[in-house]
Amino acid sequence: MAHETDEVDRIVGAWSLQRPDLDFSPLEVLSRVDRLSRHLDRARREAFRRSDLEPWEWDVLSALRRAGEPYQLSPKQLLQQTLVSSGTMTNRIDRLVGRRLVRREADPGDGRSVLVTLSDDGRIRVDAAITRLVDAEALLLAGLAKGDRDRLANLLRKLSLGFDA
């Protein structure tokens with residue numbers, strides 16, 4: 001069964017002629033992942049832009065939203081979920097407080113520490129952004145049947161578990 005060819009097929013074909021001593025099968029997978037990643041990045045940035053959010057703002061606000069009611073986490077929990085330095089997180093929280101997307105509140109369990117709480121405006125924006133994001137990502141996968149999407153998700157999970165270990 002013949003299949004359509006794409007840019008990666010052309011690149012791999014050309015390399016195979018020049019370097020027949022190499023196995024280019026990794027490029028067949030990972031060059032496509034890289035190209036898809038760029039399409040995904042554009043779709044995500046557009047979804048966030050339409051909700052007037054920067055990607056870093058989305059990272060923080062979505063962590064708070066996923067926490068569920070009352071949509072609050074400690075700065076340390078936010079650090080663990082967004083993988084940035086402590087100084088960067090303090091700066092991000094300051095900027096989000098300035099935009100009134102989050103509030104700092106005293107932690108009732110520990111008077112010396114604070115909790116970061118999603119504001120109503122922050123929740124509205126993050127909910128609009130996730131709706132746009134899911135719609136945009138569904139379009140990127142529209143060419144695949146549900147069974148193919150499930151198989152691809154399982155294969156990618158298997159691959160990424162090796163890196164997360």
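- The protein appears in an unreviewed UniProt entry as MarR family transcriptional regulator from Microbacterium radiodurans.

### Quick word on the UniProt feature "domain: HTH marR-type" (unreviewed entry) in the protein
- Those residues carrying the UniProt feature "domain: HTH marR-type" (unreviewed entry) are residues 26–161 in this numbering.
- Secondary structure across residues 26–161 divides into 70% helix and 12% strand, with the first and last C-alpha atoms of the span separated by 18 Å.

### Some remarks on the confidence of the model for the protein
- Per-residue confidence for the protein gives a mean pLDDT of 93; residues scoring 70 or more make up 98%.
- Within the protein, helix 1 (residues 7–18) carries the highest mean pLDDT (96), whereas strand 3 (residues 110–118) carries the lowest (90).

### A look at the side chain of Ser-119
- When you line up the elements, Ser-119 lands in the loop between strand 3 and helix 6 (120–140).
- Looking at Ser-119, the relative accessible area reads 8%, which means it is buried.
- In this structure Ser-119 touches Arg-100, Leu-101, Val-102 and Arg-103, once residues within four positions along its chain are discounted.

### Considering the side chain of Thr-117
- The topology assignment puts Thr-117 in strand 3.
- Within the structure, the side chain of Thr-117 is placed 2.7 Å from the side chain of Gln-72, a separation counted as a polar contact.
- Once you skip the residues sitting within four places of it in the chain, Thr-117 turns out to touch Pro-70, Tyr-71, Gln-72, Leu-101, Val-102, Arg-103 and Glu-105.

About the cut-offs
- Every residue gets a number counted from 1 within its own chain, in the order that chain's sequence is written.
- Only residues with pLDDT of at least 70 get local features here, since the model is predicted, and only at 80 or more are side-chain atom pairs given and counted; chain-wide, interface and lining totals rely on the full set of residues.
- Side-chain measures here rest on the full set of heavy atoms in the structure, leaving out hydrogens and waters.
- UniProt positions are given in the numbering used here, feature names are shortened, and annotations may be inferred rather than shown by experiment.
- Here a helix means four or more residues in a row that DSSP labels H or I, a strand means two or more in a row labelled E, and each is numbered from the N terminus.
- In predicted models, pLDDT denotes the confidence assigned by the predictor to each residue on a 0 to 100 scale.
- Partly exposed describes any residue whose relative accessible area lies between the buried limit of under 20% and the exposed limit of over 50%, with all areas from a 1.4 Å probe on protein chains only and scaled to the type maximum.
- Should any heavy atoms of two residues lie within 4.5 Å, those residues are counted as being in contact.
- Polar contacts here mean pairs of N or O atoms no more than 3.5 Å apart (in protein, one a potential hydrogen donor and the other a potential acceptor; neighbouring residues in sequence count only if both atoms are side-chain atoms).

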